[in-house]
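Take a look at the letters that make up each chain.
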Amino acid sequence: MRIAIKCQNLARIRVSSVWSVLLGILAFMPFFRPTAFHMALLIFCVGAVVSQGRLPFSFSTLVAACFLGVFALAAGGGPVAANMLIFPIAVAVFSRMDQRNLILAAKLSLLVYIFGLGLERLNPDLPGTFVQGYRGSDDRGYRSFTSEPSYLGLAGFALTIVLLYTKQSRIWLAGSILITVASMSMAAIMPMLIAIGLTVIKPRHFPKLLIFVVILIVTYRSIENLDMRFVVIATTMIENPWLIFEDVSFLNRIVRATAPITNAFHDGFIPHVFPDEGDISVVLPFSIIGVDEFVENLPNLLATLIYVYGFLSLPLFFHFARHARGPLYLFFSIFALTMSLLSTGVPFVFAVIALTFRRDRVVFSDRSQRFPQPIILTGAAPIALPAHLVLSSR
C-alpha cells in the first residue's frame with residue numbers, strides 16, 4: 001500500500017513538473033497561438049485543485065484578479081479583460097513554480113528560437129508558417145518563431161534576465177543575447193545592454209565591464225557599414241545622439257508608450273474607460289512634424305494600469321513595493337518590459353515580474369559544480385553531499 005501511494009505521488013509530481021515546463025515554454029513563446037497560455041494556465045490551476053485540493057495561489061491574488069478583470073470588462077476592455085484577469089494569477093503561479101522547471105522552460109524556448117533563426121536563414125518565410133500575424137521586412141532583422149523582429153528581441157531580453165537571475169552558464173546567456181541582437185530591435189537591445197551593464201557596475205567587476213565595452217566596440221565596427229535600420233539608428237546615436245530625436249519612428253514609439261501615462265497624470269489619475277481613437281492626445285515639449293497627435297490604444301501593461309485603473313491601482317503598486325525583492329537590473333528590466341510596445345497579455349512579462357516574489361532564495365545553477373563539495377555536520381561524522389544535490393544560494 002505504501003509503495004502504491006509513493007508511486008502515485010511521484011506520478012503526480014512528474015505530471016505537475018511536465019505541465020509547469022509546458023506552461024513556461026508557452027510563456028516564453030506566446031506567438032504560436034496567443035491563447036494557448038491562457039488555456040494551459042487554466043488547466044494548470046484546475047489540476048492543482050484536483051490533485052492538491054487548493055488553488056496554486058492565495059485568496060488575495062484571486063481577489064486582485066477578479067477586480068482587474070471585472071473592472072476592465074466594465075470599462076470596455078473586451079479581450080483585454082481576460083489579460084488583466086490572468087495577470088496576477090500568472091505572476092503568482094510563476095513565483096511559486098519550481099525554479100528548475102522555469103529554467104528548463106527558458107532553455108528549451110531559447111533552443112527553439114535559435115532553431116527558428118536557422119530556418120529563417122535558409123528560407124525567410126519558413127518560420128512564418130507556424131506563427132500567426134507573421135510580418136516584417138528584410139532590413140529589420142530576424143523574426144524566428146515570432147510575428148516581428150521586435151517581439152523576438154523582447155523575448156530574448158526576457159530570457160536573458162531569467163538566465164542572469166538564476167545564474168546560468170555563459171553559453172546560455174550568449175544564446176539569449178544572440179537572438180536579441182539578431183532581431184536588430186533597438187527597443188530590445190538597448191534595455192538589455194543597460195540591464196547587463198547594471199550587473200557589472202561593482203568595482204570588482206570592472207574587468208568584465210571593460211571586456212563588455214570592447215566587445216561592443218568591435219561589434220559596432222564590424223556592422224557599421226550594413227544598410228539596416230538598427231545599424232543606421234545605432235550609428236546616428238553614436239555620431240550625434242541628439243539626431244535620434246529627429247527619427248519619427250523612434251519618437252512615435254516613445255509617444256505611444258508614455259502618452260497614456262502623461263494623460264493620466266494631467267487628469268489626476270482618475271480611472272478611465274478604455275480609449276477610443278482621439279481620446280489620448282500627445283503633448284510634447286517641442287513640435288516635430290510627423291509625430292502622432294493621438295494614441296489609438298493602450299500599448300502596454302503599465303500604461304493600462306495607470307490610465308484605466310488610475311488611483312485604484314495603487315494597492316498593486318504598494319504590494320509590489322513592499323514585497324518585491326531583487327537586484328537593480330531586474331527592476332529596470334521589469335520597467336522596460338512593462339513600458340515596451342507589448343500587449344497586456346504577453347506572459348513572459350509576467351514570468352520576469354514573478355522573479356521578484358520568489359522567496360526560496362535558492363538558485364539551481366548549472367555552475368554549481370565549480371564550488372567545493374559542501375559538508376553537513378551531524379552528531380556522528382561529517383557527511384558530504386553528492387555533487388548533483390549541490391545548490392548555490394544567492
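Cut-offs applied
- Residues numbered from 1 in each chain as written.
- Predicted model: local features only at pLDDT ≥ 70, side-chain atom pairs only at ≥ 80, totals over all residues.
- Heavy atoms only, no water.
- Helix = DSSP H or I, 4+ residues; strand = E, 2+ residues; numbered from the N terminus.
- Buried < 20%, exposed > 50% of the residue type's maximum accessible area, 1.4 Å probe, protein only.
- Areas by Shrake-Rupley, 256 points an atom, 1.4 Å probe, with all protein chains shown as cover.
- Salt bridge = Lys/Arg side-chain N within 4 Å of Asp/Glu carboxyl O.
- Axes fitted to C-alpha atoms, helices over the stretch in contact; angles between N-to-C directions.
- Parallel < 35°, antiparallel > 145°, perpendicular 65-115°, else oblique.
- Left-handed = near helix turned anticlockwise from the far one by under 90°.
- Contact = heavy atoms within 4.5 Å.
- Core = buried A, V, L, I, M, F, W, Y, C linked by side-chain atoms within 4.5 Å.
- Expected span 1.5 Å × (residues − 1).
- Phe/Tyr/Trp six-rings, centres within 6.5 Å; stacked < 30°, edge-to-face > 60°.
- pLDDT = per-residue confidence, 0-100.

Here's the deal with the overall build of the protein
Here comes step 1: Secondary structure assignment for the protein yields 15 helices and six strands.
Here comes step 2: Out of the 394 residues in the protein, the part that is buried amounts to 44%.
Here comes step 3: For the protein, the accessible area works out to roughly 20900 Å², and carbon and sulfur atoms hold 68% of it.

Side note on the pattern of salt bridges
Here comes step 1: On inspection of all chains with the given rule, the structure shows two salt bridges.
Here comes step 2: In this structure, Arg100 engages Asp98 in a salt bridge whose closest nitrogen and oxygen atoms are separated by 3.0 Å.
Here comes step 3: Residue Arg100 is classed as partly exposed on the basis of its relative accessible area of 48%.
Here comes step 4: Glu120 serves as the salt-bridge partner of Arg143, at 3.4 Å between the closest nitrogen and oxygen. One end of the pair, Arg143, is in the loop between α5 (99–122) and α6 (149–165); the other, Glu120, is in helix α5, with 23 residues separating them in the sequence.

Considerations on the packing of helix α8 (residues 186–198) against helix α14 (residues 328–339)
Here comes step 1: Direction vectors running N to C along α8 and α14 enclose 165°, while the axes themselves pass 8 Å from each other. Overall, the two elements α8 and α14 adopt an arrangement that is roughly antiparallel. In terms of crossing hand, the pair formed by α8 and α14 is right-handed. Contacts between α8 and α14 involve Pro191, Ile194, Ala195 and Leu198 on the former and, on the latter, Leu328, Tyr329, Phe332, Ser333 and Ala336.

Some details on the nonpolar core
Nonpolar side chains in soluble globular proteins tend to be buried together.
Here comes step 1: Counting residues in each nonpolar core, the largest one holds 88 residues, and the members touching the most others are Leu41, Phe87, Phe94 and Phe348.
Here comes step 2: When residues of this core are assigned to their parent elements, the largest contribution, 11 residues, is made by α6.
Here comes step 3: Look past the residues within four positions of Phe94 in its chain and what remains in contact with it is Leu23, Gly24, Ala27, Phe37, Leu102, Pro347, Phe350, Ala351, Ala354 and Arg358.

A word on α14
Here comes step 1: Compared with the 16 Å implied by 1.5 Å per residue over 12 residues, the 17 Å span of α14 between its first and last C-alpha is a close match.
Here comes step 2: Of all the residues in α14, the buried ones are Tyr329, Leu330, Ser333, Ile334, Ala336, Leu337, Thr338 and Met339.

So, the environment of Ala72
Here comes step 1: Along the chain, Ala72 turns up in helix α3 (residues 59–74).
Here comes step 2: Owing to a relative accessible area of 0%, Ala72 belongs among the buried residues under this scheme.
Here comes step 3: Put simply, Ala72 and Met84 are 12 residues apart on the chain and 7.2 Å apart in space, counted from C-alpha to C-alpha.

Considerations on the packing of aromatic side chains
Here comes step 1: Scanning the model with the defined rule gives eight aromatic pairs in all.
Here comes step 2: Each ring, one from Phe87 and one from Phe350, has its centre 5.5 Å from the other, and the planes form 40°; the classification is tilted. Of this pair, Phe87 sits in helix α4 (residues 80–96) while Phe350 is found in helix α15 (residues 347–354), placing the two residues 263 residues apart along the sequence. There is no split in this pair, since Phe87 and Phe350 are both buried.
Here comes step 3: For the ring pair Phe320 and Phe331, a centre distance of 5.9 Å and an interplane angle of 80° mean the geometry is edge-to-face. In this pair, Phe320 is assigned in helix α13 (residues 314–323) and Phe331 in helix α14, connecting sequence segments 11 residues apart.

A closer look at the environment of Gly116
Here comes step 1: By the secondary structure assignment, Gly116 is in helix α5.
Here comes step 2: Residue Gly116 is classed as buried on the basis of its relative accessible area of 0%.
Here comes step 3: Residues Gly116 and Pro127 lie 11 residues apart in sequence; the distance between their C-alpha atoms is 6.3 Å.
Here comes step 4: Residues contacting Gly116, with those up to four places away along its chain left out, are Pro127, Ser144 and Phe145.

Some words on the confidence of the model for the protein
Any residue range with low pLDDT should be treated as having predicted coordinates unsuitable for detailed reading.
Here comes step 1: On average, residues of the protein score 77 in pLDDT, and 69% of them are at 70 or above.
Here comes step 2: No element of the protein has a lower mean pLDDT than strand β4 (residues 375–376), at 38, and none a higher one than α15, at 95.
Here comes step 3: Segment residues 4–13: pLDDT under 50, and one contact once partners within four positions in sequence are set aside and those in other chains are kept.
Here comes step 4: Here residues 367–394 is a poorly scored stretch, pLDDT under 50, and it has 36 contacts once near neighbours within four places are set aside; other chains count.

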